[in-house]
Amino acid sequence: MHPKIATAGADLLSVNPRERAIRAPLVTLSLVRMLGLTTALASVVIVPVKAASADTPASTAAVERKFTLNIPAQKLSSALVALSNATGTQLAYTTQLSDGLRSSAISGTMSVNAALAQVLSGTGLTYRFNGNTVVLTKASANITLGPVRVGGTVTHQDPTGPGIGYVATTTTAGTKTDTPIMEIPNSIYVITKQLMVDQQPQNVMEALRYTPGVYAESLGTANTGAPDSQNNAGGGFLQRGFSSMQFVDGLQTNSESAAETSFLERVEVVNGPASVMYGQTSPGGLIGMSLKKPTDVPLHQVSLGFGNWGRYEATLDMSDKITKSGNLRYRIATIGDTQGNQTDYTKYHRVGMLPSLTWDIDNKTSLTLIGSYVYTPGAGTYTAGYPAHGTLLPGEYGRIARSTFLGEPNWNESSSKSAMFEYLFKHDFNKYLRFEQTFRWEKSEEESKLLSLSGGYDATHVERTPMMTDIGNTTIGMDARFTGKIKTGPLSHTWVVGMDFRKYDVSFGYQYDYTQGDNLINIYNPTYGSYSPCYGYGASCQDFGGKSSFTIFQKGVYFQDQIKYNGISIILGGRNDWVNNTNTISTKNNLADQNYTTTYNSVSKYTPQSAFTWRAGIVYNFNFGLAPYFSYSTSFLPQTGFGARGQTFSPLTGKQIEAGLKYKIPKTDVLLTASAFHIDENHYLITDPNNTQFSADAGRVTSKGFEVSANANITKNLHLVASYSYTNAQYTKTNLTTTQIYTNEYTISRGNDVSQKGKYIQTVPRNMTSIFLDYSIPGAALRGLGVNGGVRYVGFTYNDAANSFKIPAYVLFDIGAHYDFGKNFPALKGLRAQLSMSNLTNKYYVTSCSTNACYLGQGRRVYGNISYSW
C-alpha cells in the first residue's frame, strides 16, 4: 500500500467515533483519488510530495521546523503544490475551494504554519492538521479580512493591512519592505483598525492619543479649523519634541483625505529620523497612514453615527470582485457628516469619497488605482485661541466658557476642497527581483474669513483683527524602487534601491482690516454684530494684505540592505537629496498711520541644497522572544520660512542614537517595547517672539528620553494598549533671547529679556502616560456586549522659550461600550451598536499657550454609531 494511504488510514482509526464520522468521507475520497479508480471524485485533491519524509509534520516539533522558501504569488493550486514539495507536507482540499483564487507570495525562512498562513492570506481559507495531512477549509467570517491564526497566535500579517486586534507584527513603515517589527532597530508603533473602531477617533489627532512619544493635540480641538480636520503640515503633531509630517502610502501628503479615519486601514508612527527612506523629515519622525484598498474577499458595511454638538454621520465601505476570477476588484468608502463644536458658531458640513480599483494583470503584476475627493462647503471656524486670563489664569470673573466665541458670526466662514489621485504598481521579474512604484497627485483649496486675537487685552476685553485668507496647494510625488533578495554565503540580504521626487506648490493670500481700530469684545459677555467689512485699499478702508507663494522641488536616491544571519538583523542605508526652493512675496497696505499706499514685491530663489543622510542599526532576536537593538540615524529638512529681516535659514539637520528592547511573548499576541533616545538638531526654527509673523533660528536643540509601550491581545476577549513617554527637550546652543512674562492671578506683564539657552522647548510635555482596554464579556447572558475605557495623562508644558509660566498637567478619562446583536440573535448577524465618550469628567484644561493665546482642550464628547456588515 502507498505509504501516504497507510498513514491516512491509521490516522482515521486513531480518532474518536464522532470525529471519525466527519473525517472518513475525506480520507475515503483521498484513497479513491490516489488509486485512480474514478474521475468523478477528483474534486477532492491530495497534494502529493516528492518523496515520503520523516520530517512530515506529524508532531509539533515537525510543524515548527523552519524551511527556506521562495514561492511567488500565483494560482493557489500551483502554490500549494510548490509548498508541499518544498516542505514534505501533504495537503487535502476540494478543488472548489481553490478555483479562481490566487496565493500570496512567501519568501524567507519560516515554519510550515507560517508558510501556510501566508500563502492562504486573503483567500478566505484556513487549515487544520490531521496527523500527517493538512486539511484546507473555508475560514469563518470573522477572520477572512485578516491574517490566519494558528494556535491562537498570528503567524503573518499584511504589512499595510488592519492588523489583528491591537497588535500588528509586520510593517513597511521605515523600511519599505515587508519586515517584522521585531527585526527593525528603531521605534515603530501601529494603531490598528480594531483600535480605531473601539476608540472611535474622528480624526488622526484623536487616533494618536495613546501613542508613545506623540503629542497630537497641542493646539486643542476648537482651534484647528473644522472639527474633523487636522494640521497636515505637521504643526499640530509633536514627536519626541519636534514638529512632525504625514505620509500616506509612503508619500508625504497635504491632502484632507488623510484626515478621515474612515478612509484609513491603519496609522503608523515612526519615531526618530526617517530621512533615509522618506527624504525630507524632521528628526522627531513621521506619521504614516495606509488608505483603504480593495480586499481579496467581499466586504460590505454601512454605518450611521450621532453625537453631541449636533453631529450626524453616515459612512459606506464596500469591496468586491468585478471579474469571476477576482483579478479585478473594487472598493469604495464614503463619508458624509454635519457637526458643531464645543465653541458656538462653528458648525460645518462635509462629504468625501475614496474609490479604488485593483487589477492583478497576471500572477506577477498588479496595479491599484485610488482617488479621493473631500468637500467641506461651509466650516465656521475660530482659530485664534483665547487670552491667558480667563483660561490659564482664573481671570477677574472666573473662567471663560468653552462655548465662548470671540469672533463675529457674520465674518466666520471657511470652506475647503481637496482631490487626490494615486496609483501603486508592482511587478515581480522573478523570485529575486521586484519593481514597485507609487505616484500621487493632490490639490486642495481653502478660503476663510475670521477675526483673530491681536494681542491687546485687559481684565474683561480682548482686541481682534478681522482678516480673510485663501490658501491653495498642489503636490506631485513619486517613489520608484527595486527590491530583491539574495544570499552571500551564510548571509541573507533584502535590498532596496530607489529614487523619489516631490514638487510642492503653495500660495497664501491674506488681508487684514484695521478700519475699525481695536475691535474689542467682552470675553465674559460677548455681543456681536459690530463688524462691517472694509477691504480693497480704498480711501474709506484701512487695510493691509499680501500674497506669498513658494515652490519646493525635491529629488532623492536611496539604498538599503537588510542583512540577516541566524538571529542577527542589520540595517544599513543611505540617501542623497537635492532641493530647490523658490519664494515670491508681495504686500500692499493702506494704513492711516503711514498715510501712503505701497506695493512691495520680491522673488527669492534659494541656492540649491543637497545633503547625504544615513542610518545603521542592529537587532538580535533571541529564541525566547526578546530582541535588543541599537541604531544611529540622521535627518535633513530644508526650511522655507523668512526671518524678520528677510533672511532665509539653513536646513535642519538632525542625528539620533537609539537603543531599546522589543519582546514578543512566545505563543501570544503580546508585544512589549522600550527605547531610549538622544536627538540633536541644528537650526531649529521657532516663531520669532518679537515678530510673530516671522521665524527665528533657535540654534541647536537636544531631545532625550525614553518610551515604553505594550500592545496586547491578552485573550480573544481582552485587548490592551499602554505607554509611557519621557521627553526632555531643551535649547542647548543659541544666541536668541526672549522677553520673560510675569503672571499673577488676573494679569500678565512683560519683564526682561532672558537667554533661551538651557530652557525647555515650549509646548513639549516631559511626561505622558496612557492605558486603554477593551473587554468583550463572555457567557450566554451578556454575549455580544463589550466595554472599554482609557486614562490619558499629559504633563505640564511651558508657554514660551523663556519658560515664563507653566501650562498645568491634565488627566482625562475615556469610556465606551459596544454590542454585537448577531451573537444572540442570528437574524441580526452583522448589526453592531457602539457608544464612545472622551473626557468623561468634562475637565476644563489648556493644551498649550503661545505669546498671544491659549488653546482649550476638548470637553466631554459623546459619539455613537450603528453599523451593519454583510
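Look up: the structure comes first, before these words.
Keep in mind that what you see is a predicted model, and the values were worked out from it rather than measured.

**Description of the overall build of the chain**
Item 1. Secondary structure assignment for the chain yields nine helices and 50 strands.
Item 2. The 870 residues of the chain split such that 54% are buried.
Item 3. Sequence-distant contacts, at least 24 apart, represent 67% of the contacts inside the chain between residues at least 6 apart.
Item 4. By element, 58% of the accessible surface of the chain is carried by carbon and sulfur atoms, the whole surface being about 35,300 Å².

**Concerning the packing of helix α4 (residues 76-87) against helix α6 (residues 112-120)**
Item 1. The geometry of α4 relative to α6 is characterised by a closest axis approach of 11 Å and an angle of 170° between their N-to-C directions. One element, α4, and the other, α6, form an angle in the roughly antiparallel class. On α6, the residues touching Leu 76, Ala 79, Leu 80, Leu 83 and Thr 87 of α4 are Val 112, Ala 115, Leu 116, Val 119 and Leu 120.
Item 2. In terms of residue class, the contact of α4 with α6 is built from nine nonpolar, one polar and no charged.

**Details of the state of the cysteines**
Item 1. What the rule picks out here adds up to two disulfides.
Item 2. The side chain of Cys 849 participates in a disulfide bridge whose partner is Cys 854; the two sulfur atoms lie 2.0 Å from each other. Taking the torsion about the S-S bond as the criterion, the Cys 849 to Cys 854 disulfide, at about 105°, is right-handed.
Item 3. A relative accessible area of 3% means that Cys 849 is categorised as buried.
Item 4. Each disulfide in the chain links cysteines that, numbered along the sequence, combine into the pattern 1-2, 3-4.

**With respect to the pairing of strand β18 (residues 285-291)**
Item 1. β18 sits mainly inside the fold: seven of its seven residues count as buried.
Item 2. Residues Gly 285, Ile 287, Met 289 and Leu 291 of β18 are buried on one face, and the alternating residues Leu 286, Gly 288 and Ser 290, pointing to the opposite face, are buried as well.
Item 3. The pairing of strand β15 (residues 246-248) with β18 spans three bridges and is parallel. When the sheet's bridge partners are listed, Gln 246 is paired in β18 with Ile 287.

**Remarks on α6**
Item 1. Taken across its nine residues, α6 has nine buried, putting it largely inside the fold.
Item 2. Those residues of α6 that sit buried are Val 112, Asn 113, Ala 114, Ala 115, Leu 116, Ala 117, Gln 118, Val 119 and Leu 120.
Item 3. At the exit of α6 stands Gly 122, carrying a positive phi of roughly 85°.

**Description of the environment of Leu 125**
Item 1. Relative to the elements of secondary structure, Leu 125 occurs in strand β5 (residues 125-130).
Item 2. Exposure remark for Leu 125: the relative accessible area of 4% places this residue in the buried category.
Item 3. Distance in space between the C-alpha atoms of Leu 125 and Leu 136 is 6.7 Å, their sequence separation being 11 residues.

**What about the nonpolar core?**
The tendency in soluble globular proteins is for nonpolar side chains to be buried as a group.
Item 1. Counting 35 residues, the largest nonpolar core has Tyr 278, Tyr 684, Tyr 731 and Ile 761 as the members making the most contacts within it.
Item 2. Counting residues per element, the ones that place at least two in this core are α9 (275-278), β35 (669-682), β39 (718-733) and β46 (810-820).
Item 3. The leading source of residues in this core is α9, at three residues.
Item 4. Dropping the residues within four chain positions of it, Tyr 278 is found in contact with Thr 172, Ala 173, Gly 174, Lys 176, Phe 247, Gly 250, Leu 286 and Arg 575.

Calculation notes
Residues numbered from 1 in each chain as written. Predicted model: local features only at pLDDT ≥ 70, side-chain atom pairs only at ≥ 80, totals over all residues. Heavy atoms only, no water. Helix = DSSP H or I, 4+ residues; strand = E, 2+ residues; numbered from the N terminus. Buried < 20%, exposed > 50% of the residue type's maximum accessible area, 1.4 Å probe, protein only. Contact = heavy atoms within 4.5 Å. Areas by Shrake-Rupley, 256 points an atom, 1.4 Å probe, with all protein chains shown as cover. Axes fitted to C-alpha atoms, helices over the stretch in contact; angles between N-to-C directions. Parallel < 35°, antiparallel > 145°, perpendicular 65-115°, else oblique. Nonpolar A, V, L, I, M, F, W, Y, C, P; charged D, E, K, R; others polar. Disulfide = S-S within 2.5 Å. Pairing = 2+ DSSP bridges. Core = buried A, V, L, I, M, F, W, Y, C linked by side-chain atoms within 4.5 Å.

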